[in-house]
Amino acid sequence: MMASHAHRLEAARAAISYICSRNAKDMAVTVPHCPGWTVYNAAVHVGRVGVAWHAMIEATPDDPDSRTRGYADAEARGSGHSPDVLASWALAAIDALDTDPERPCYFSMTGGSGTVGLWGWHAASELAVHRLDIEQALNTPHSMSHEDASDAIDYACRYFLPAMARVASPDLAPIDVVTREDNHVIHTASVRAPGSTASPAATLQGAPIDLLLALWGRPHGPIDITGSNDVVDAWHALPSAAFQFGTWD
């Protein structure tokens, strides 16, 4: 069962609060799989993209310049902000989603028309992965439920990875993703580049959080792969190949 809009907003707010409330010692810890980032840089990323998200959430679908305006606004705010300030920027974007989830707005991941509800799904999924990043960096247990991880996997398969493939590798063969819990299949999805009609070249099977981390190109626990390892490796590398934010601060 897919998560509700309200649940996704709650998860997004919890991730922002977690990332931006680490103590000073934790903020200086390196995040190994985000090049150049410390935990503080992750908080900067969350705050700054929140500014850009807010601009797009408030814009109509036919206003692609809202993305440029949003990032220009984030850049103009300068650097060196406290985690509390960064959290306030990100939370303002989530607060803007407390409206009709069917309201159309500009959505950058698909490069055009989206909805408030789709933004809520994006926010919950991306911020959850950044929370997993920080939990890994600080060597603390992952707090994400299997249900929320499966919901984030579904988002990655439908929107995030296809968007990355459109930018960096439009001919990449599809893969199937099978989520298991206690050896029972709980979720299935396919990942394919936009317009691809090819048959899947590989199948990934594993626990929800491990699969989610793998799909976002992060270090992960054991997963089973059948088919082409080269295709799986290409999808694994795609998020960094297509787009990687700088540290900003």
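Keep in mind the model is a prediction, meaning the values are calculated, not measured. (Residues numbered from 1 in each chain as written. Predicted model: local features only at pLDDT ≥ 70, side-chain atom pairs only at ≥ 80, totals over all residues. Heavy atoms only, no water.)

Peer 1: Help me understand the packing of helix α7 (residues 146-168) against helix α8 (residues 208-215), please; the structure alone is not making it clear to me.
Peer 2: The relative placement of two packed helices comes down to the angle between their axes together with the axis-to-axis distance. At a minimum axis separation of 8 Å, α7 and α8 run at an interaxial angle of 25 degrees. One element, α7, and the other, α8, form an angle in the roughly parallel class. Like other packed secondary-structure pairs, α7 and α8 cross with a definite hand, here left-handed. Contacts between α7 and α8 pair His146, Ala149, Ser150, Ala152, Ile153, Ala156, Cys157 and Leu161 from the former with Pro208, Ile209, Leu211, Leu212 and Leu215 from the latter. Here the residues of the contact of α7 with α8 sort into 11 nonpolar, 2 polar and no charged. (Axes fitted to C-alpha atoms, helices over the stretch in contact; angles between N-to-C directions. Helix = DSSP H or I, 4+ residues; strand = E, 2+ residues; numbered from the N terminus. Parallel < 35°, antiparallel > 145°, perpendicular 65-115°, else oblique. Left-handed = near helix turned anticlockwise from the far one by under 90°. Contact = heavy atoms within 4.5 Å. Nonpolar A, V, L, I, M, F, W, Y, C, P; charged D, E, K, R; others polar.)

Peer 1: Is there a simple way to think about the packing of aromatic side chains in this case?
Peer 2: Geometry of an aromatic ring pair is reported as the spacing of the ring centres plus the angle between the planes. Tallied over the entire structure, the rule returns 6 aromatic pairs. Ring geometry for tryptophan 53 and tryptophan 119: centres 5.7 Å apart, planes at 50 degrees, overall tilted. Here tryptophan 119 lies in helix α6 (residues 116-137) and tryptophan 53 lies in helix α3 (residues 39-57), a separation of 66 residues in the sequence. Residue class for tryptophan 53 comes out buried when judged on its relative accessible area of 5%. On the accessibility criterion, tryptophan 119 (1% relative accessible area) is buried. Seen from their ring centres, tryptophan 121 and tyrosine 159 are 5.9 Å apart, and the 75 degrees between their planes marks the pair as edge-to-face. With a gap of 38 residues between them, tryptophan 121 in helix α6 and tyrosine 159 in helix α7 connect regions that are remote in the sequence. Residue tryptophan 121 is classed as buried on the basis of its relative accessible area of 5%. (Phe/Tyr/Trp six-rings, centres within 6.5 Å; stacked < 30°, edge-to-face > 60°. Buried < 20%, exposed > 50% of the residue type's maximum accessible area, 1.4 Å probe, protein only.)

Peer 1: Sorry, what's going on with the pairing of strand β4 (residues 184-191) here?
Peer 2: Side-chain positions along a regular strand alternate between the two faces of the sheet. Across 7 bridges, the pairing between strand β3 (residues 175-181) and β4 is antiparallel. Within β4, the residue paired with arginine 180 across the bridge is valine 185. (Pairing = 2+ DSSP bridges.)

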